[in-house]
Structures are given as C-alpha cells and as structure tokens.
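Working through the structure, step by step
What follows is each chain in one-letter form.
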Amino acid sequence: ILDQAVLRSAFVGFSGKPGSFVLEYWMLPSSAWSRHLLRSAVPQRHIASQSAIVGTLKDKIQALGTKKAPQVVSLRKEQGGKSLGDVTVGMCIGGMRGIKCMLSETSHLDPVEGIRYRGRTLKECNALLPKAAKGKVGLPEAAMWLMLTDEIPSDSEVAALNEELHRRETLPSYVVDLIDGLPKDMHPMTQLSMGLLALQPTSEFARAYRGGLMKKTDYWTYVLEDGLSLVAQIPVLSARIFRNVFFDGKHIPSDQKLDWAGNYAHMLGVNDTDAFKEVTRLYLMIHADHEGGNVSAHTTHLVGSALSDPYYSFSAGVNGLAGPLHGLANQECLRWLKATRETLGGKEPTVEILTQFAKDTLASGKVIPGFGHGALRATDPRYTIQMEFAKENMPHDPLLKLASVCYEAIPPVLQATGKVSNPWPNVDALSGTCMQHYGLTQEDYYTVVFAVSRSMGCMANLVWSRLMGLPIERPKSVTLDWLEQNAK
C-alpha cells in the first residue's frame, strides 16, 4: 500500500533451508526511489544456489578456521590475562599509535619488510600469485583468495573465481538510477559511499539476521556471501561513477572475458592497452590490505563488530578513506611533483638541485609529501614494486625521472633535520605518477581506485572476524583529568 508518507512492501525470500521461507518487511520513504524499488524489488542472492568455486572457497576457509580454533581458544582462556606492553599517555592522546589491541589475520605490517599477506611479502605475492595471460603482475583477486585461505590459488581456481565475480557484478536498476541521478560535481567518494549504502538491501547477512535464520557459527558464511558480491560490484559501481563525472555518462560495458582488475581498467576507458590493465592490477594488488589499524580497515572492522553487514561496514570505511590524512595522499604527492617540475622551469632535475629545493621547502614551513610512514622504518616495498614496474614500462616519463631523483635527494635532507624517524618514500610517492602516465589524470578519482582495492582486504578481514567470533569493539576512553591523575 502506497500512501503519501510511507511505502510498505513485503518480500518473501528463501531462507536457504528446504521448505523454509521468511517474510521480510521494508519501511521506506515514499519517493521515486521507493516506487522504483516496489516495481523492481530488491534482488536477493541465495546461498542455497552457491557455485562450486564458492563451495571450494568456503571449505578452505573452514579448514583453516578449524586449524586455528585451538589457538584462539588457548589465547582466550590461558593467555587472556597476559600483558602485551604498556600504554603510555602519548599513545592515548597520539592516535593510539603502537597500541597492540587489534586482531587481523589477513596481513601483518613489518616496519622494515612492509606488509605481508598471510606471511608472504608483496614481492613474493607478486611472484607467486596467478597472472593474466601474458601478464607479470599477481592478480589482486588471487591475493584476496590468499588472505581468506592462506593458500596461493591455482590458475583454474582464479579463473573460476573471476567467473563467479562476473556473475555477481550486475548492479540493481535502482542503484544505477540513483548513481546516474547524482550531481556531476559531487565528489566521487561521496557517490561511492552512497552507492554502497544503496546496495545494502541486497545483503544476505542482513536478510538472514533479521529472519533469525543463522547461528553465530554461520555468521562468517553470510559475510563471505556479501563480501564476494561487494567486491564483484564495486568496480562496476566505481567505473560508472567515473564515466558519469568525467565522460558525460558514456559508459563502457563490462567485458566478462577479462579478469576482475583488467575489466575495471577496461570500464574506466582511459587507455585500452595491456600496460594500463597491468598497472591497474598492480595498484589493486599492493593496496588490498595493510593490516587492521589504518582508518579504512579499522572503521570497517569496528562497524562490522556491531554485526552491521558488509555494505554498511565498508561504506563507513570508505568515508574514512576519503579523509585527507588517509586516502588522498597519492593525489597530493602527484600535485607536489607537478608543482616542483613547474618550479624547475624545464631544468633537468639533479640531486643537487632537488637537495636545495627540499631544504628550501622545509625552511618555508611546508612539508614534502610521499616520504615517511607512521609504521614503516624503511622504503615502502609497495613503492619499490611500483618503481620497478615504472622503469620497465614507462622509463621516459618526466615525472618518473623527477621521482627517481627525489628518491636520492630528499631522504638525506629529512634525516639531517633529526626529526624524522622514516625519511624514505612510501607508496603514495609514485602511485599517482603511474596513473597519470596511462591517462588516468582525474586526481579526485584516485581515492576511489584505492577503495576498490581495499575492499578485498576489508572483506577478508570481516569474514575472519566473524569466523573467530570476535566481539563488538568497545575500548575504554578517559578524560584529560584522569590522565593527569593517573600519569603521576
């Protein structure tokens, strides 16, 4: 019944058990959105009809969970009272840096070697993971399989996984209508967050939880269902936003013969070369996860700990990623390189010139973006991997040449100040340079590409958080007066 205030509509969904149905009620504001939703109904995915590759993936996750279960039980019961170190006042008022208080199985950040996916360095992952035909880059969707299972997938498993992601990639028509109707000057990250929230009514986890259909031990399977669908849909959603904002809504259809990342590059439509597909694969693979404490991963985990479904959770993570101190760094680095090149006025960059330029920049009270990292104490391996790719595929790019000289000139200047614990370049120092070389010059969109990549690690983390039965996150906060009294 549709009245002026509220649309009430009932959907009947299969619960996943033979002969069992659940009646679901939706309360939605009366609007064009609601009327369209009533006409088309929200498509539901049903776990009962899962494909063979999803069954294989679940079996592997379950097997690893069974292997890890005694360790989790032992740590909780026998080691639960042991200290992991002191918490200082500086940690409390300094962004909780260094506090060891989160559990994340998918990756671990070593201060020297950088991020490891299930114990493998990124260099090892890039060498071991399956690749596209004629490609040299480890496929990011293979990295997600690794994070979920602790196994390097076979070529056939990755091919089947890509088929499954393509099967799930279609956006509901009401989501397409929503995204196409947004103002073109709305920031792409705002549009992405809205699109993810618009997909939330398709959540299997939310449907099953509302219907009382699952046990706590089954939570992870429903999170995996949603996670696979979100990862499948986010390239299509993100490409649609890109083409709406920058290409007047002229869209490029998905090519289901391509892998997940290669297809994303294809739908962006800025460069149809294999090299652009490869650099997109590389970017999405090395940014997929960075343990659990960064803003986007932590936010996703925090919201998910309240049993909010993956769409709610990752939408929140995307909002954190949109912050200038998290996901905007690569475009800031690219802008700095461009401005530096302009300032040089056509001069060939040398170590001597860039050394003086860096000194002058710091003396003026400005910062040099792209150098240093809150957790690393050496050159970011992600930077090194990108630099190797760039030197092989785009050696004559002028911004690459400038970035290479910066690598030699800037760290000694930062070290000489005595104030910088890590003067070495991080991944952001080169990401934007690689993107712009292949025609992806729309800097406001760069964070969306980051979000597409990070979806894989965040979804893998949510699956494992539910599999391990992690509780709702609730740290203790204190006041300034309490700190002062207890620090004496």
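Scoring rules and cut-offs
Think of each chain on its own: its residues are numbered from 1, step by step along the sequence as written. The predicted origin of the model limits local features to residues at a pLDDT of at least 70 and limits the giving and counting of side-chain atom pairs to 80 or more, whereas totals for whole chains, interfaces and linings rest on all residues. Only hydrogens and water are set aside when side-chain values are computed; all heavy atoms of the structure are taken into account. What counts as a helix is a DSSP run of H or I of at least four residues, what counts as a strand is a run of E of at least two, and both are numbered from the N terminus. Throughout, exposure labels follow a simple rule: accessible area from a 1.4 Å probe, protein chains only, divided by the maximum for the residue type, with under 20% read as buried, over 50% as exposed, and the rest as partly exposed. Throughout, a residue-residue contact means that at least one pair of heavy atoms, one from each residue, lies within 4.5 Å. Throughout, the Shrake-Rupley method with a 1.4 Å probe supplies accessible areas, and for residues the shown protein chains are the sole cover considered. Pairing between two strands requires that DSSP report at least two bridges joining them. pLDDT is defined as a per-residue confidence score from the predictor, taking values between 0 and 100. Note on definitions: salt bridges are taken to be side-chain nitrogens of Lys or Arg within 4 Å of carboxyl oxygens of Asp or Glu. Each helix should span, by expectation, one fewer than its residue count multiplied by 1.5 Å. Axis angles are defined between N-to-C directions and span 0 to 180 degrees, where every axis is a line fitted to C-alpha atoms and, for a helix, only to the segment in contact. Helix crossings are classified by the rotation of the near helix relative to the far one: an anticlockwise turn of less than a right angle makes the crossing left-handed, while a clockwise turn makes it right-handed. Each residue gets one of three labels, nonpolar for Ala, Val, Leu, Ile, Met, Phe, Trp, Tyr, Cys and Pro, charged for Asp, Glu, Lys and Arg, and polar for the others, Gly among them. Stacked, edge-to-face and tilted labels apply to pairs of Phe, Tyr and Trp rings (six-membered ring for Trp) whose centres lie within 6.5 Å, assigned for plane angles under 30 degrees, over 60, and everything in between, in that order. Candidates for patches are residues over 30% relative accessible area with no salt bridge; among them, like charges are joined within 9 Å and nonpolar side chains (Val, Leu, Ile, Met, Phe, Trp, Tyr) within 5 Å. Buried Ala, Val, Leu, Ile, Met, Phe, Trp, Tyr and Cys residues form a nonpolar core when they are joined through side-chain atoms within 4.5 Å.

**Re the overall build of the protein**
Scanning the protein from N- to C-terminus turns up 21 helices and five strands. Within the protein, the fraction of its 488 residues that count as buried is 52%. The contacts of the protein with a sequence gap of at least 6 include a subset with a gap of at least 24, amounting to 75%. Carbon together with sulfur atoms contributes 56% to the accessible area of the protein, which is approximately 22600 Å² in total.

**Quick word on the pairing of strand E4 (residues 114–117)**
Relative to E4, strand E3 (residues 107–110) runs antiparallel, the two being bridged by four bridges. For Leu-109, the partnering residue across the bridge sits in E4 and is Ile-115. Where E3 folds back onto E4 in an antiparallel hairpin, the turn is made up of three residues. The turn linking E4 back onto strand E5 (residues 120–121) is made up of two residues, and Arg-118 within it adopts a positive phi angle of 50°.

**Observations regarding the confidence of the model for the protein**
Averaged over every residue, the pLDDT of the protein is 91; the share at 70 or more is 90%. When the criterion is pLDDT under 50, residues 1–41 qualifies, and its contacts beyond four places in sequence or with other chains add up to 76 contacts.

**Observations regarding the pattern of salt bridges**
For the structure shown, the criterion picks out 22 salt bridges. With its nearest N and O atoms 2.9 Å apart, the salt bridge here joins Glu-151 to Lys-60. Taken together, the residues Glu-151 in the loop between helix H5 (140–149) and helix H6 (155–168) and Lys-60 in helix H2 (residues 52–78) connect sequence positions 91 residues apart. A relative accessible area of 33% means that Glu-151 is categorised as partly exposed. With a closest N to O distance of 3.9 Å, Glu-157 and Lys-60 form a salt bridge. Residue Glu-157 is located in helix H6, and its partner Lys-60 is located in helix H2; the two are separated by 97 residues in the primary sequence. Relative accessible area serves as the criterion here: at 17%, Glu-157 is assigned to the buried category. Several salt bridges converge on common partners, so that one network encompasses Lys-58, Glu-164, Arg-167, Arg-168 and Glu-225.

**Quick look at H6**
Taking 1.5 Å of rise per residue, 14 residues should cover 20 Å, and H6 covers 20 Å from first to last C-alpha, within 8% of that figure. Of the residues making up H6, those classed as buried are Glu-157, Val-158, Leu-161, Asn-162, Glu-164, Leu-165, His-166 and Arg-168. Those residues of H6 that are buried are in contact with H2, H5, helix H10 (219–246) and helix H11 (260–268).

**What to know about the sheet that holds E5**
The strands that make up a sheet pair up through hydrogen bonds in the backbone, lying either parallel or antiparallel. Ordered in space as E3-E4-E5, the three strands form an open sheet in which the pairing is antiparallel. Each edge of the open sheet is held by one strand with a lone partner, namely E3 and E5.

**What to know about the side chain of Thr-202**
Relative to the assigned elements, Thr-202 resides in the loop between helix H8 (188–198) and helix H9 (204–210). A relative accessible area of 2% means that Thr-202 is categorised as buried.

**What about the packing of helix H17 (residues 381–393) against helix H19 (residues 428–437)?**
Where H17 meets H19, the axes come as close as 9 Å, and the angle between the chain directions of the two elements is 30°. The two elements H17 and H19 meet at a crossing, and its hand is left-handed. Side by side, H17 and H19 meet where Tyr-383, Gln-386, Met-387 and Ala-390 of the first sit next to Ala-429, Leu-430, Ser-431 and Cys-434 of the second. For the contact of H17 with H19, a count of residues per class yields six nonpolar, two polar and no charged.

**Side note on the packing of aromatic side chains**
Enumeration according to the criterion identifies nine aromatic pairs in this entry. Judged by centre distance (6.1 Å) and plane angle (15°), the ring pair of Phe-205 and Tyr-209 falls under stacked. With a gap of four residues between them, Phe-205 and Tyr-209 both fall in helix H9, about one helical turn apart. Residue classification places Phe-205 among the buried positions, given a relative accessible area of 2%. Cluster of aromatic residues (ring-pair linked, three or more members): Phe-242, Phe-246, Phe-247 and Tyr-445.

**Thoughts on a nonpolar patch on the surface**
Side chains of Val-89, Ile-93 and Leu-480 sit close together on the surface and give an oily, nonpolar patch of about 310 Å² of accessible area. Looking at the element boundaries, Ile-93 is found in helix H3 (residues 89–93). Using a relative accessible area of 58% as the deciding quantity, one classes Ile-93 as exposed.

**Here we look at the nonpolar core**
The nonpolar side chains of a soluble globular protein tend to be buried, and buried together. One finds Tyr-117, Leu-192, Leu-237, Trp-260, Tyr-264 and Leu-440 to be the most contacted residues of the largest nonpolar core, which totals 124 residues. In terms of residue count, H10 provides more of this core than any other element does, 16 residues in total.

**Overview of the environment of Leu-64**
With respect to the element layout, Leu-64 can be found in helix H2. Residue classification places Leu-64 among the buried residues on the basis of a relative accessible area of 8%. Considered as a pair, Leu-64 and Asp-150 are 86 residues apart in the sequence and their alpha carbons are 7.7 Å apart. Those residues within four positions of Leu-64 in sequence are excluded, and the remaining contacts are Arg-118, Leu-148, Thr-149, Asp-150 and Trp-464.

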